[in-house]
Amino acid sequence: MIIQILRTPYTTALHKRIRGQCSSCLRLRWRLCARCSGTQMWRIRPCYRSYAMSSVKLDGAGAGAVEANSKPTGPLMKNLESIAPLVQSAAETPEPISTQVQGIIPTWINGKFLRNGPGKFEFGNTHYNHWFDGMALLHQFRIEHGRVTYMSRFLRSDAYKKNSERNRIMISEFGTLAMPDPCKSLFQRFLSRFEVMDVTDNASVSFVKYKGDYYVSTETNFMHKVNPENLETLDKVDWSKFIAVNGATAHPHYEPDGTTYNMGNSYGNKGALYNIIKVPPEKAEAKDTLQGASILCSIVPAKKSHPSYYHSFAMSENYVVFIEQPIKMDLLKIVTSKLRGRALGEGVYWDPTQETVLHLADKRTGEVSAVKYHTAPLSTFHQINAFEEDGLLMVDMCCSDDGRAIGNYLIQNLRRSGHALDEVYNAGCRAFPRRFVLPLRVTDETPAGQNLNTRSASGATCVKVGKNKVFCQHEDLHGDDLHDYGGLEFPQINYSKHNTRSYRYFYGCGFRHLVGDSLLKMDLRDKTLKVWYQRGFYPSEPVFVASPDAVEEDDGVILSVVLTPSQDKGTFLLVLEAKTMEELGRANVPVNIPYGFHGAFNPS
Ligand SMILES: [Fe+2]
């Protein structure tokens, strides 16, 4: 199926939209053109309405179909291997077990590599629909003197405990609506639709640190403090008890002294606000959790009833950078989801008619810059780094030209095989690392219509197009070869030394599958890649651990958990030399582990 360009009736200074007709369903479709969103726009295949499968349904029966994204990039894949075993429920391993080490794990690595991700996808006869819904399974790889032990425990969240007690899904998650208890009468079940929906505390996304303690986090108002020694679930912490927010991201940023910044929305009578949160570095008392947390400032959404969804944000030396992307949340739909019998996730949608807007907040004063930095519609889940030089702010992030990826990550999609799996992958849009350059001193005297990026080596542009409005065009932080690896996501850097500072290297997963299938290292000096790849092996987010005598930025190792769907118990912890991306050693784990999201290294 080919989109045929009919005419180009609508043009602005910033972008052009093209009306095309899908040759299958013959509907006229609006698409953003290459001028504002890259050069491969017309590599679209099907119009999503004519796509072979039906549209996304995140709730209950019938869930699992895929909606084609508008801009696939990278190679089209055929005969993808089924990764269904990587998204199956696993048993916990509550006591440490030995692993078999091959090669050499450097003896200077001493600590616990902590990982988080979904590990249970059903209770009784009820099943979760979306990958994000699975119950948090916490993993610990304890590395000491060249040896590794492994253990895992399910987070004892209230959601996990209630579901386990009743052996059915009792708490709704992002893509799954908990259905009324069948033991209730018909009338009671009807009335239950009008009850307030319980907010999940299933913190399955990441390990984060506040005041030196480890927490596991999702994006609701609940986190859990966890003992990193034995993965025991400790305090359940509610952000809203400390500050007026209804949640916080699972990706805070840290200052060297331990001060932590995060972002969270608040929802009041007048709509939503984006809030920047600051948590002090130290406890006043031993039992402290988020005491002393404060809202540094708030940012008003472009449309208060439809704020943007955001998974993370960037931070430079002096600024918090908030990216207001056109993945929107229809608050009315979300609030009424239970009443309507729909999953929460159905209230999240991609609106490519809206530009992406970057907001700056001064970390010292809380002042939100009046200057707004616009760019083409994009979606971003993870930022790489942000730093300031010569009056410019560089914001590096993994970006996709389509914001419907969340809808593709239904469990049924991940468990597909054969042609159906290829279709899911090929309909998706890959993410690529990009740099945006933001001029920090924009005043009424700043000339309009000229590129304010004074870095001669950078291809990014930033042009004042109106009062307090700058339009930015990104620079690709990669060469053409990254397309062959399916783009890059799960970016990581030498965070402790280089976050908020100039840097040379970042690491990530290549995505020639729905999960990472290679480990990549990008050298920003010449945009060259180093790659670890073994066919049939699927590595998780690479975490950089600096060596104790590190001098250069990449002196250290990369840790990644690698899964193998074709082998039972084919999991291992991989240790790469960061400089070369060559394998130093691996620790074979004699149990199966599902594919996870994020981790952290807790040095001994
Ligand atoms: Fe994330």
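Cut-offs used in this document
Residues numbered from 1 in each chain as written. Predicted model: local features only at pLDDT ≥ 70, side-chain atom pairs only at ≥ 80, totals over all residues. Heavy atoms only, no water. UniProt positions renumbered as here; feature names shortened; annotations may be inferred. Helix = DSSP H or I, 4+ residues; strand = E, 2+ residues; numbered from the N terminus. Buried < 20%, exposed > 50% of the residue type's maximum accessible area, 1.4 Å probe, protein only. Contact = heavy atoms within 4.5 Å. Pairing = 2+ DSSP bridges. Axes fitted to C-alpha atoms, helices over the stretch in contact; angles between N-to-C directions. Polar contact = N/O pair within 3.5 Å; in protein donor to acceptor, adjacent residues only side chain to side chain. Donors = N, O, S within 2.8 Å, 3.2 Å for Na, K, Ca; no water. Tetrahedral: all angles 85-135°; square planar, octahedral: opposite > 155°, others 65-115°. Core = buried A, V, L, I, M, F, W, Y, C linked by side-chain atoms within 4.5 Å. Patch = residues over 30% accessible without salt bridge, like charges linked within 9 Å, V, L, I, M, F, W, Y side chains within 5 Å. Areas by Shrake-Rupley, 256 points an atom, 1.4 Å probe, with all protein chains shown as cover. Salt bridge = Lys/Arg side-chain N within 4 Å of Asp/Glu carboxyl O. Lys, Arg positive; Asp, Glu negative; His and termini not counted. Charge placed at Lys NZ, Arg CZ, Asp CG, Glu CD.

### Here we look at the UniProt feature "binding site: Fe cation" (unreviewed entry) in the protein
Those residues carrying the UniProt feature "binding site: Fe cation" (unreviewed entry) are His251, His311, His382 and His598 in this numbering. A maximum C-alpha distance of 12.7 Å places the annotated residues, which cover 348 residues in sequence, within one compact spot. In this structure, histidine 251 sits in the loop between strand S14 (233-238) and strand S15 (253-254). Judged by its relative accessible area of 16%, histidine 251 falls in the buried class. Here histidine 251 is in contact with Asn262, His311, Ser312, Phe313, His382 and His598, once residues within four sequence places are set aside. Looking at the element boundaries, histidine 598 is found in strand S40 (residues 598-603). Once residues lying within four places of it in the same chain are set aside, the contact partners of histidine 598 are Leu114, Arg115, Asn116, Val205, Ser206, His251, His311, His382, Phe490 and Glu541.

### Re the sheet that holds strand S6 (residues 111-120)
Strand order in the open sheet made by the five strands is S4-S10-S9-S6-S40, with antiparallel pairing throughout. Each edge of the sheet is formed by a strand with only one pairing partner; in this case those strands are strand S4 (93-98) and S40. Between one strand and the next, the sheet's axes are offset by a mean angle of 20 degrees, whatever the strand orientation.

### Quick notes on the environment of proline 539
For proline 539, the location among the structural elements is in strand S35 (residues 538-539). Given a relative accessible area of 0%, proline 539 falls into the buried group. When the C-alpha atoms of proline 539 and aspartate 517 are compared, they prove to be 6.0 Å apart, with 22 residues separating the residues in sequence. Residues contacting proline 539, with those up to four places away along its chain left out, are Cys509, Gly516, Asp517, Ser518, Leu519, Trp532, Ser560, Val561, Val562 and Tyr595.

### Points about the environment of aspartate 444
Mapped onto the elements of the fold, aspartate 444 is located in the loop between strand S27 (432-439) and strand S28 (461-466). Expressed as a C-alpha distance, the spacing of aspartate 444 and lysine 467, which sit 23 residues apart in the sequence, is 6.9 Å. Filtering out sequence-adjacent residues up to four positions away, aspartate 444 remains in contact with Lys464 and Lys467. Only 3.1 Å separates the side chain of aspartate 444 from the side chain of lysine 467, close enough to count as a polar contact.

### Some words on the side chain of serine 217
Mapped onto the elements, serine 217 comes out in strand S12 (residues 213-217). Accessibility expressed as a relative area gives 1% for serine 217, which makes it buried. If sequence neighbours within four positions are ignored, serine 217 has contacts with Asn116, Ala203, Ser204, Val205, Ser206, Val208, Met223, Thr249 and Ala250.

### Some thoughts on the coordination of the iron ion
Reference values for coordination geometry: four tetrahedral donors around a metal ideally subtend 109.5 degrees, six octahedral donors ideally subtend 90 or 180 degrees. Looking at the iron ion, one finds its protein donor set to be His251 (NE2), His311 (NE2), His382 (NE2) and His598 (NE2), positioned 2.0 to 2.1 Å from the metal centre. Note that the iron ion binds four donor atoms; their angles at the metal cover 91 to 157 degrees, and the shape is irregular. As a motif over one chain, the donors of the iron ion read H-x59-H-x70-H-x215-H. Remark: histidine 598 occurs in strand S40 and histidine 311 occurs in the loop between strand S18 (294-299) and strand S19 (314-315); sequence separation between them is 287 residues. The pair formed by histidine 311 and histidine 598 is uniform in burial state, with each residue classed as buried.

### Remarks on the nonpolar core
Core analysis: the biggest nonpolar cluster contains 65 residues, and Trp131, Phe141, Leu559, Leu573 and Tyr595 have the highest contact counts within it. Tallying contributions element by element places strand S37 (residues 556-563) first for this core, with six residues. When residues no more than four places from it in sequence are discounted, the contact partners of tryptophan 131 are Val87, Pro118, Phe121, Tyr409, Ile411, Leu414, Val515, Tyr595 and Phe597. Counting 21 residues, the second largest nonpolar core, distinct from the first, contains Val371, Tyr373, Ala386 and Cys399.

### Quick notes on the pairing of S37
The buried fraction of S37 is high, at eight of eight residues. Bridge count for strand S36 (residues 543-546) against S37 is four bridges, and the pairing is antiparallel. Each residue of the ladder has a partner; that of valine 545, found in S37, is valine 557. As paired strands, S37 and strand S38 (residues 571-577) are joined by six bridges and run antiparallel to one another. When the bridges of S38 are listed, isoleucine 558 appears paired with leucine 576.

### As for a negative patch on the surface
A cluster of like negative charges, contributed by Asp476, Asp480, Asp481 and Asp484, occupies part of the molecular surface. Secondary-structure assignment places aspartate 480 in the loop between strand S30 (475-476) and helix H9 (481-484). Overall, the relative accessible area of 67% leaves aspartate 480 in the exposed class.

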